[in-house]
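Secondary and tertiary structure notes
Chain by chain, the residues:
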Amino acid sequence: MAEPARPPVAELRGISKIYGSGDLEVKALDQLNLTVQEGDYLAVMGASGSGKSTAMNILGCLDRPTSGTYRLNGMAVEQLEDDALADVRNRSLGFVFQQFHLLGHASAMENVMLPMIYAGVPRDERVERAQSALRRVGLAQRLENKPNQLSGGQQQRVAIARAIINRPSLLLADEPTGALDSSTTAEVLELFDELHQQGITLVMVTHEDDVAARAQRIARFQDGRALTGCPQ
């Protein structure tokens, strides 16, 4: 007997997000439908105010929709209590931002281990997994370096190692190359390519066409909705 099909990693259905009320009402998302399958690599593009950042915040369980449903690995998450939502973020989602958001006083190892502390992972396992993640992103020789001892590209690699350390179902990257030069951008994008080839599901916001072209699909946001297609 064939195994039942797995649900999408992320599925947004009829998602609307409204800020304010009356004359000050702003509809950031308007009946948005978006599906991310396991192993997908989706680039999200759109002008300022198109809704892409709001959609990423909802995908990342950082914000709640006004209406509609969001299923993450088949589970409806939009109505979860705050503590349960925080647990979902830590265990099922990884985040990479334009600014690296590393703890300046902590080593690369300590920064990468932080999400595992919140997840209750024993110390010996934290150390082993953090070393493995940093090797995976090419920083085996930088375990004890602090952020001010690392280049921008190396700091972003630490941030990526931290994002994947809890083996998330979905990796969300918001303008991850926006603060990097062209050479370092290429290195980071090659790392994303490798992670995707290893099975990581990735959604990346970018305003750069050449960055988006690395993805399997592009979702172009306009007026709170999305059109998806394959890169040309």
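All of these numbers come straight from a predicted model, not from anything done at the bench.

Right, let's talk about the overall build of the protein chain for a bit. Assigned secondary structure in the protein chain consists of seven helices and ten strands. On C-alpha atoms alone, the protein chain measures out to a radius of gyration of 18 Å, which is about the 17 Å that the 2.2 N^0.38 rule sets for 232 residues. C-alpha atoms of the protein chain, sized along the principal axes, occupy 55 × 50 × 40 Å. Total accessible area computed for the protein chain in this model is approximately 11800 Å², and 46% of it derives from carbon and sulfur atoms. Averaging the locations of the 23 positively and 29 negatively charged side chains of the protein chain gives two centres separated by 3 Å.

Let's shift gears to the pairing of strand β9 (residues 217-222). Relative to β9, strand β3 (residues 41-46) is paired through five bridges, and the arrangement is parallel. If you follow V44 over to β9, its bridge partner there is A219. Where β9 meets strand β10 (residues 225-229), five bridges bridge the pair, whose relative direction is antiparallel. Its bridge partner lying in β10, R220 is registered against L227.

Attention now goes to the sheet that holds β3. An order of β6-β7-β8-β3-β9-β10 is seen for the six strands of this open sheet, with the pairing classed as mixed. Of all the strands in the sheet, the pair left with one neighbour each is β6 (93-97) and β10. Ignoring strand direction, the axes of neighbouring strands in this sheet form an average angle of 20°. Against the sheet, helix α2 (residues 82-92) makes contact with β6 and β7 (170-174), and its axis sits at roughly 75° relative to β6, the strand it touches most. Docked against the sheet, helix α5 (residues 152-164) engages β6 and β7, running at close to 165° with respect to β6.

Turning to the sheet that holds strand β1 (residues 10-19), a few remarks are in order. Strand order in this open sheet of four strands is β2-β1-β4-β5, and the pairing throughout is antiparallel. Since the sheet does not close on itself, it has two edges, and those belong to β2 (26-36) and β5 (75-76), each with one partner. Both β1 and β2 contribute to a ladder of seven bridges, which runs antiparallel. Across the sheet, Y19 pairs through a bridge with V26, a residue of β2. Sheet contacts for helix α1 (residues 52-59): β1, β2 and β4 (67-72); angle to β1, the most-contacted strand, approximately 120°.

Definitions and limits used
Residues numbered from 1 in each chain as written. Predicted model: local features only at pLDDT ≥ 70, side-chain atom pairs only at ≥ 80, totals over all residues. Heavy atoms only, no water. Helix = DSSP H or I, 4+ residues; strand = E, 2+ residues; numbered from the N terminus. Rg over C-alpha atoms; globule rule 2.2 N^0.38 Å. Areas by Shrake-Rupley, 256 points an atom, 1.4 Å probe, with all protein chains shown as cover. Lys, Arg positive; Asp, Glu negative; His and termini not counted. Charge placed at Lys NZ, Arg CZ, Asp CG, Glu CD. Pairing = 2+ DSSP bridges. Axes fitted to C-alpha atoms, helices over the stretch in contact; angles between N-to-C directions. Contact = heavy atoms within 4.5 Å.

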